[in-house]
Amino acid sequence: MTDMHQDTGRQGTDAGAADAIDSGTAEAFLSHDESLRHAPGPYFGSYGGRWMPESLIAALDELQDTFEKAKADPEFTAQVTELNQTYAGRPSLLTEAQRFAEHCGGVRVFLKREDLNHTGSHKINNVLGQALLAKRMGKTRVIAETGAGQHGVASATAAALLGLECVVYMGAEDTRRQALNVARMQLLGATVVPVTTGSQTLKDAINDALRDWVANVETTHYLLGTAAGAHPFPSMVRYFHEVIGEETREQILEQTGRLPDAVCACVGGGSNAIGMFHGFLDDRDVALYGFEAGGDGVETGRHAATITLGRPGVLHGARSYLMQDQDGQTMESHSISAGLDYPGVGPEHAFLADIGRAKYEPITDAEAMDAFTVLCRTEGIIPAIETAHALAGAMKIGQRLAAGLEPGEQAADRVIVVNLSGRGDKDVATAAGYFDLLPDESAEQEIAEEGEQL
Amino acid sequence: MTSTVQSSGPGATGSRAAAAIERARSENRAALIGYLPAGFPDVQTTIDAGIAMARNGMDLIEVGIPYSDPVMDGRVIQEATVEALSNGFTVSEIFAVVEGITRSTDAAVLVMTYWNPVMRMGVRAFAERLAAAGGAGLITPDLIPDEASEWLEVSEELGLDRVFLVAPSTSPERMRSTVEASRGFVYAVSVMGVTGARSSVGAAAEAVVAAAHEAGAERVCVGLGVSTAAQVREIGAYADGVIVGTALVAALRDGGVDAVAELTRELSSGTAHGSAGGHP
Ligand SMILES: Cc1ncc(COP(=O)(O)O)c(C=O)c1O
């Protein structure tokens, strides 16, 4: 634990040559002659790659090959577009949040409504795409990891839709705390396997999914839920989420006639953020902000602020920032939000952080829950607690933008877009417990005490 | 991948792992290789068990670094490494384990490790300490040669063995590049799966060994799932070495160092190519 506090992230003293900022790429970026969009992997600067057992390399090669061909196949891209439109409900709305904006220094704030997608979050974009790829590879079974259950529910949904067997690995503790999401996955026909190994959390669920994959790779696709892991996962998961940023860019131009000053998203593994950022990567005047889970506060050691306080290492197949102790053992992360409670982060974010294209800041549980309430009461939208981290960040950025106005400029001349990655129905019990809204001895109170997210 | 480096072929001079396997070959038998995780249940027991393995017929000893996220390990080894970590094992203690075994025996000792702990210490710093402790080299279950440029360079410089894995799923092209990047021997994974005892080791193992030999590997050892002398005999008929892990860990867990010694004696009865009992 103490190790994390002494090391201040990427300036860490024992960071070797390979840990240094990739200056060649940073220069190319600064001189504006290289597009950052559609980075193909396997490497993003010195991050990414395939730190994986040889047994899985053939499956990763097969996936990469299938993905490359699918991207170039109009039939596949049409299939994705059609499912997005007729099943997931895309394009999602871009909603101006005028009353919420009053809490953001008075700048204009627009919310990208991924919460309105089927299953209630951005996760559906990725699972539909990957499930289609699984079918193209002739696989009959998908496996997935899940923390709170969001990605598990989305995977079970896509599997049901496309007629695939689905097995979801979930930390044993989480299966108890998220009993309703377990039931939801089961209703959708999936099998939920409680993971009792290691720390019994999301990272161990990924470990067990990888162990399953090694043994069943002939029939099985591993439907990873975020833009992390071994190549081609980071660039592939981003590809399926790029639609978020593309729609947003078009919508904001339509609604305001200009690009935003800042774009905000929460970062767990980084999928909703990278999908949103991608639309604006080459618009150098648009500032990009990723908000990590600061938990009890980064100074307490109980957080999941991987980029802010981690240091480069390898986990689950990619080199990226990582919460690790001085022995290279993965540390446990902490956040009120299960979806951000992961000690790693996608490699493209590590790269964007190093070259300065995107900035990453921690948001504490308390700040997130404050923003959660503000959005509920000003806009009539209950956000996911993950998303509340992006909202809290937007409040800070808006106030900073307002404070930096030149004479004659109005706060309303500034525009912020926030990726509203998911709805908060699943978090009602957690929030009700947090704000002490439940009568003592109610069934819900008992659930909330255990952190249930309905 | 740049491969100006030496291979597991005849050029592997100075390789301790190669020497151990060749010594077995000169006795007309396959080499026997035993794995235990360091610090389970404590460092001294690992040293004692390593010495016991060496004295009872193991040609090569593998000691593992307990790691928080061992994706290639099954239940028995996971439980042992979780216990080692909760008993306070730290990565630097691996060098004391290596030294403790090499000081008392002439068995070659390899360290089996997931890559992040090595990266965290620094590849060069780790390799130098390993060499100073008398270690033969590293077995790296989640490091493929494609990502190993620094390790290839440092191991070459320090004369350490690089044992990479090949699997039933490995393509002919990757088989060639992995064999070429390896030094000491090539680790053939017997089945698509994780560590753990299996009643039978798949037919895939023989094909992987043949493919590795064909790709130019002089020494190919088979691991994953081997737990009995009969399996050792069966695999020893076509492989240059046989690796046993889970069964030894279970023996140590249930019966301590004596049980490890006894299992080692029993397993080594399976290594004779020709007449049995050809070695002490
Ligand atoms: C609504 C919502 N937002 C964000 C996340 C975080 O994931 P990522 O960083 O991959 O977008 C999750 C994960 O469960 C989520 O459910």
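Before any of the text, the structure's been laid out above.
Thresholds applied
- Residues numbered from 1 in each chain as written.
- Chains lettered and ligands numbered in written order.
- Predicted model: local features only at pLDDT ≥ 70, side-chain atom pairs only at ≥ 80, totals over all residues.
- Heavy atoms only, no water.
- Helix = DSSP H or I, 4+ residues; strand = E, 2+ residues; numbered from the N terminus.
- Rg over C-alpha atoms; globule rule 2.2 N^0.38 Å.
- Buried < 20%, exposed > 50% of the residue type's maximum accessible area, 1.4 Å probe, protein only.
- Contact = heavy atoms within 4.5 Å.
- Areas by Shrake-Rupley, 256 points an atom, 1.4 Å probe, with all protein chains shown as cover.
- Lys, Arg positive; Asp, Glu negative; His and termini not counted.
- Charge placed at Lys NZ, Arg CZ, Asp CG, Glu CD.
- Pairing = 2+ DSSP bridges.
- Axes fitted to C-alpha atoms, helices over the stretch in contact; angles between N-to-C directions.
- Near = heavy atom within 4 Å.
- Polar contact = N/O pair within 3.5 Å; in protein donor to acceptor, adjacent residues only side chain to side chain.
- Nonpolar A, V, L, I, M, F, W, Y, C, P; charged D, E, K, R; others polar.
- Salt bridge = Lys/Arg side-chain N within 4 Å of Asp/Glu carboxyl O.
- Buried area = accessible area lost by both parts, 1.4 Å probe.
- Phe/Tyr/Trp six-rings, centres within 6.5 Å; stacked < 30°, edge-to-face > 60°.
- Lys NZ or Arg CZ within 6 Å of the ring centre and 35° of its normal.
- Core = buried A, V, L, I, M, F, W, Y, C linked by side-chain atoms within 4.5 Å.
- Disulfide = S-S within 2.5 Å.

## Focus: the overall build of chain B
- The helix and strand inventory of chain B stands at 11 helices and 9 strands.
- Its C-alpha radius of gyration of 17 Å places chain B within 12% of the 19 Å reference for a compact globule of 280 residues.
- When the backbone C-alpha atoms are referred to their principal axes, chain B occupies close to 45 × 45 × 30 Å.
- Counting all 280 residues of chain B, 62% fall into the buried class.
- Contacts in chain B between residues at least 24 apart in sequence constitute 74% of all its contacts with a sequence separation of at least 6.
- Accessible surface computed for chain B: about 9600 Å², of which carbon and sulfur atoms make up 49%.
- For chain B, the separation between the mean place of its 19 positive charges and that of its 33 negative charges on side chains is 2 Å.

## Quick notes on the overall build of chain A
- Within chain A one finds 18 helices and 15 strands.
- Whereas a compact globule of 454 residues would reach a radius of gyration of roughly 22 Å, chain A reaches 21 Å, a difference of no more than 12%.
- Principal axes of the C-alpha set define a box for chain A whose edges measure 65 × 60 × 50 Å.
- A fraction of 75% describes how many contacts in chain A between residues 6 or more apart in sequence connect residues 24 or more apart.
- Total accessible area on chain A stands at roughly 16000 Å², and carbon and sulfur atoms take up 50% of it.

## Quick word on the sheet that holds strand S9 (residues 241-244) of chain B
All names here are of chain B.
- The sheet built from 9 strands is open, its strands ordered S5-S4-S3-S2-S1-S9-S8-S7-S6 with parallel pairing. Here the strands that pair on one side only, and so sit at the sheet edges, are strand S5 (161-163) and strand S6 (165-166).
- As paired elements, strand S4 (residues 137-139) and S5 share 3 bridges and run parallel to each other. When the bridges of S5 are listed, Ile139 appears paired with Val163.
- Running at roughly 155° to strand S8 (residues 220-223), helix H9 (residues 204-214) makes contact with S6, strand S7 (186-189) and S8 of the sheet.

## Description of the site of the ligand
Residues and elements named next belong to chain A.
- The environment of the ligand is formed by 17 residues, the closest being Thr226, Gly268, Gly270, Ser271 and Ser421.
- Here an oxygen atom of the ligand and a backbone polar atom of Gly270 are 2.7 Å apart.
- Here Asn272 contributes a side-chain N or O atom positioned 2.8 Å from an oxygen atom of the ligand.
- Starting from 390 Å² of accessible surface for the ligand in isolation, the protein chains cover 96%.
- Residue composition of the shell around the ligand, grouped by class: 4 nonpolar, 11 polar and 2 charged.

## A few points about the pattern of salt bridges
- For the structure shown, the criterion picks out 43 salt bridges over all chains.
- With its nearest N and O atoms 2.9 Å apart, the salt bridge here joins Glu54(A) to Arg174(B). Here Arg174(B) lies in helix H8 (residues 172-181) and Glu54(A) lies in the loop between strand S2 (47-51) and helix H3 (57-71), a pairing that spans two chains.
- Under the relative-accessibility criterion, Glu54(A) is labelled buried at 3%.
- Across the pair Arg400(A) and Glu361(A) runs a salt bridge, and its minimum N-O distance is 2.9 Å. Separated by 39 residues along the polypeptide, Arg400(A) in helix H16 (residues 385-403) and Glu361(A) in strand S14 (residues 358-364) bring together distant segments of the chain.

## Thoughts on the interface of chain A and chain B
- If you look at the interface, chain A gives 39 residues, while chain B gives 36 residues.
- Where chain A abuts chain B, roughly 2900 Å² becomes buried across the two surfaces, and 49% of that area is made up of carbon and sulfur atoms.
- The largest share of the area that chain A buries against chain B comes from Trp51(A), Glu54(A) and Arg211(A), three residues that together contribute 24% of it.
- Taken together, chain A and chain B are joined by 2 salt bridges.

## What about the packing of aromatic side chains?
All names here are of chain A.
- Inspection of the entire model under this criterion finds 13 aromatic pairs over all chains.
- Centre to centre, the rings of Tyr434 and Phe435 are 5.0 Å apart; their planes meet at 85°, and the pair counts as edge-to-face.
- Taking the relative accessible area as the measure of exposure, Tyr434 reaches 39% and is therefore partly exposed.
- Above the face of the Tyr239 ring, Lys71 is positioned so that its terminal group lies 5.7 Å from the ring centre.

## Remarks on the sheet that holds strand S5 (residues 141-146) of chain A
Residues and elements named next belong to chain A.
- The 4 strands lie next to each other as S7-S6-S5-S8, forming an open sheet whose pairing is parallel. If you trace the sheet from one side to the other, it starts and ends with strand S7 (191-195) and strand S8 (220-222), each paired once. On average, adjacent strands in this sheet sit at an angle of 25° to one another, irrespective of strand direction.
- Here S5 runs beside S8; their pairing, made up of 3 bridges, is parallel. Considered in S8, the bridge of Ile143 is made with Tyr222.

## Structural notes on the nonpolar core
- Judged by nonpolar contacts, the single largest core of 95 residues is most densely connected at Phe126(B), Trp151(B), Phe185(B) and Tyr187(B).
- Looking at which element gives the most residues to this core, the answer is helix H11 (residues 246-268) of chain B, with 8 residues.
- The next biggest cluster of nonpolar side chains, apart from the first, holds 62 residues, and it includes Met52(A), Phe67(A), Leu164(A) and Tyr342(A).

## Some words on the environment of Ala210(B)
- With respect to the helices and strands, the residue Ala210(B) is situated in helix H9.
- Sequence separation between Ala210(B) and Ala239(B) is 29 residues; the distance between their C-alpha atoms is 8.6 Å.

## Regarding the pairing of strand S13 (residues 317-322) of chain A
Residue and element names in this part refer to chain A.
- For S13, a buried count of 6 out of 6 residues is recorded, marking the element as mostly surrounded by other parts of the structure.
- Strand direction decides the pairing type here: S2 and S13, joined by 2 bridges, are antiparallel. Among the inter-strand pairings, Gly48 is bridged to a residue of S13, identified as Arg319.
- Linking two consecutive strands that pair antiparallel, namely strand S12 (residues 311-315) and S13, is a turn of 1 residue; a positive phi of about 55° is found at His316 within it.

## Observations regarding the state of the cysteines
Residues and elements named next belong to chain A.
- In the structure shown here, the tally under the stated rule is 0 disulfides over all chains.
- Sulfur of Cys104: no disulfide; nearest cysteine sulfur belongs to Cys264 and is 8.5 Å away.
- Owing to a relative accessible area of 0%, Cys104 belongs among the buried residues under this scheme.
- Sulfur of Cys376: no disulfide; nearest cysteine sulfur belongs to Cys104 and is 14 Å away.
- Since its relative accessible area comes to 23%, Cys376 is described here as partly exposed.

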